[in-house]
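Inside the fold
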Amino acid sequence: MKLKFLAAVGLAATLYSCDDTTTGVGEFVADADEITASAQTFEATTKTLKYTDLNPDGVFSRTSSAYLGKFTDPDFGTYTTDFITQINCTEGFEFPETTQEIVATTLELSYASFFGDSLAPMRVRVDMLDKAIDDTGEDLNLYYTSYDPIEEGYYNPEKPELAEQDYAVRDNSWTDEEIDSIKSENGYYPPLVIDLDKKKSSGIKEDEAGAFSQYLWNKYQENKDYFKDAYSFIHNVLPGFYVHTTSGEGSILYIGDIWLRMKVKYLVERPSTGAMDSVVYTSIPFAATNEVFMSTRLSNSEETLNSLAGETEHTYLKTPAGLCTEVKLPLQEMYDALGTDTLNSVSMAFTKYKNASDNSASSPYKMGTPQNLLLIRKNEVKDFFEQRKNYDSKTTFLGTYSSTTNSYSFSQVNRLISQIFSDMRTKEEPTEGWDEYNTMVLIPVKTETDSQGNTIGLSHDLEVNSAKLIGGEGEEGKKIKMEVIYTKPKFNK
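Residues numbered from 1 in each chain as written. Predicted model: local features only at pLDDT ≥ 70, side-chain atom pairs only at ≥ 80, totals over all residues. Heavy atoms only, no water.

Observations concerning the overall build of the protein chain
Helices and strands together make up the secondary structure of the protein chain, namely 10 helices and 22 strands. Looking at the 493 residues of the protein chain, the share that counts as buried comes to 47%. Counted over contacts in the protein chain with a minimum sequence separation of 6, partners at least 24 positions apart contribute 80%. Here the protein chain has roughly 22,900 Å² of accessible surface; of this, 45% comes from carbon and sulfur atoms. (Helix = DSSP H or I, 4+ residues; strand = E, 2+ residues; numbered from the N terminus. Buried < 20%, exposed > 50% of the residue type's maximum accessible area, 1.4 Å probe, protein only. Contact = heavy atoms within 4.5 Å. Areas by Shrake-Rupley, 256 points an atom, 1.4 Å probe, with all protein chains shown as cover.)

Description of the packing of aromatic side chains
Applying the stated criterion to the full structure yields 26 aromatic pairs. Centre to centre, the rings of phenylalanine 76 and tyrosine 316 are 5.9 Å apart; their planes meet at 85 degrees, and the pair counts as edge-to-face. A residue pair is termed long-range when its members are at least 10 positions apart, and phenylalanine 76 in the loop between β3 (66–73) and β4 (77–85) and tyrosine 316 in strand β13 (residues 314–319) qualify at 240 residues. Residue phenylalanine 76 is classed as buried on the basis of its relative accessible area, which comes to 2%. Relative to tryptophan 217, the ring of phenylalanine 95 has its centre 5.8 Å away and its plane inclined at 75 degrees; by these criteria the two rings are edge-to-face. (Phe/Tyr/Trp six-rings, centres within 6.5 Å; stacked < 30°, edge-to-face > 60°.)

Quick notes on the packing of helix α7 (residues 331–338) against helix α9 (residues 414–426)
For the pair α7 and α9, the least separation of the axes is 11 Å and the interaxial angle reads 80 degrees. Overall, the two elements α7 and α9 adopt an arrangement that is roughly perpendicular. Of α9, the residues touching α7 (which contributes Leu331, Gln332, Met334, Tyr335 and Leu338) are Ile417, Ile420, Phe421, Met424 and Arg425. Broken down by class, the residue content of the contact of α7 with α9 amounts to eight nonpolar, one polar and one charged. (Axes fitted to C-alpha atoms, helices over the stretch in contact; angles between N-to-C directions. Parallel < 35°, antiparallel > 145°, perpendicular 65-115°, else oblique. Nonpolar A, V, L, I, M, F, W, Y, C, P; charged D, E, K, R; others polar.)

Notes on the pattern of salt bridges
Tallying each qualifying case throughout the model produces 18 salt bridges. With a closest N to O distance of 3.0 Å, glutamate 108 and arginine 261 form a salt bridge. Of this pair, glutamate 108 sits in strand β5 (residues 99–116) while arginine 261 sits in strand β10 (residues 251–269), placing them 153 residues apart in sequence. Across the salt bridge formed by lysine 382 and glutamate 386, the nearest N and O atoms sit 2.6 Å from each other. Placement of both lysine 382 and glutamate 386 in helix α8 (residues 381–386) is noted, with a separation of four residues, approximately one turn of the helix. The partly exposed category is assigned to lysine 382, whose relative accessible area is 39%. (Salt bridge = Lys/Arg side-chain N within 4 Å of Asp/Glu carboxyl O.)

Focus: the pairing of strand β22 (residues 480–487)
Relative to β22, strand β2 (residues 37–50) is paired through eight bridges, and the arrangement is antiparallel. The residue bridging glutamine 40 from the neighbouring strand is valine 484, located in β22. Across six bridges, strand β15 (residues 342–351) lies against β22 in antiparallel orientation. Note on β22: the bridge partner recorded for leucine 343 is tyrosine 486. (Pairing = 2+ DSSP bridges.)

A few points about unusual backbone geometry
Following threonine 319, the chain continues into proline 320 via a peptide bond in cis, with omega recorded as 0 degrees. Following the sequence through the fold, proline 320 ends up in the loop between β13 and β14 (323–328). We note that alanine 321 has phi near 55 degrees; this positive angle belongs to a residue other than glycine. Turning to its location among the elements, alanine 321 is positioned in the loop between β13 and β14.

Brief notes about the pairing of β13
In terms of burial, β13 is largely enclosed, as six of its six residues are buried. Neither face of β13 is open: one carries His314, Tyr316 and Lys318, the other Thr315, Leu317 and Thr319, and all of them are buried. Strand direction decides the pairing type here: β13 and strand β21 (residues 465–470), joined by six bridges, are antiparallel. In the strand pairing of β21, tyrosine 316 is matched with lysine 468.

So, a negative patch on the surface
Together, Glu138, Asp139, Glu151 and Glu152 give the surface a local cluster of negative charge. In this fold, glutamate 151 is placed in the loop between β6 (122–128) and β7 (163–167). (Patch = residues over 30% accessible without salt bridge, like charges linked within 9 Å, V, L, I, M, F, W, Y side chains within 5 Å. Lys, Arg positive; Asp, Glu negative; His and termini not counted. Charge placed at Lys NZ, Arg CZ, Asp CG, Glu CD.)

A short note on the environment of serine 411
Mapping serine 411 onto the fold places it in the loop between β18 (407–410) and α9. Note: C-alpha distance between serine 411 and serine 347 (64 residues apart in sequence) is 4.0 Å. Setting aside residues up to four positions removed in sequence, serine 411 forms contacts with Ser345, Val346 and Ser347.

This is how it looks when you write it as structure tokens:
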């Protein structure tokens, strides 16, 4: 009997190690005669879902990164991306007292990585917004990838551009050794530097000098308070930029830092005479920061995505803002079988095929694999990202790609299902039914971590990634196995 009792205690420890917050009905009793531990398998159904079907506005893109370029993939079609950004001005800013002029002004886009052909010829256009975008935090539509500055009256495409410039990811004015040295030093490639003085700005009046640098200097001389803080600067001097490609395709820049850099000429005292007549030049940077508005816009080939979403023998993930995977759990079936039992563990895994683009001989540029997937109720996606929530492993779950198993695993789904079982016992059934109401989706996400490596936030993955998953709702599709471990106390037998 002692051995029998010890075996029961060991079983209890094993079961409860599956989930340290096991929930459900029934009391676990450390007595072998009272314990019934069992395993059962259920099947979930999956299908491909377009992001625009999940949310017509696209994805919420309130991040500190920007994306620029155009790329056409033989499997997923054409993808384009551009961005709107304001420039921050630090509080109490002043130019050196003896400043003579702003000699030159550039917009610098720093990128640590990219997707596509590093030598593809591209052309970027920079326009100054016609008016400031007031980001009070209340209008969250500003941050969706479908946001259109033309429709909202912030940008007029008929006006002359501020600047337009040809570029390639790899700037041939730098040697390979220089590029490697720069990247090893600060993590970035040599920046894309756009000269803002080449053309006349659409925001500069006819009676003012055409150069953008002179425009900025005129504004400062007009009223120094225009530069006293970000709000004054944005509303009186520079409402913001719309940065977009106008020709070429083949690459996407992943931009981490954006700088408005002014080269300033001012006078200092000449040591030999004491006269204030010695000329000095310095560079003054203004940055795009989290304190001001920045949002990415993007578009995908809808015809191609519609075709892929219609395939029923597997499912897809495609970022950014392309395709995700819907997961329908067999909740009513599970409740009928286990509704009064304690769910100790519910695990499921989503296995990835070889990359979809790997089979395309016509494209040498293979998309990356999404590294993290968020499993979340379909009807909670909008609020989750808008409110900048983090996953809690209770109703939202994070799965990380394992190259060893070639899959994404979720092992604590019992917490969610136990909560749903409680709702099924105590609440009125939704009109569409419990299974439909609790439909889940798999969404590729980027994680934000603290200094200890803890995940403190999630955002949509806006890089170019894809995965083809085993699953699908057609006859040729495969169901997703849900492995359930549960305990059934004696009084529930």
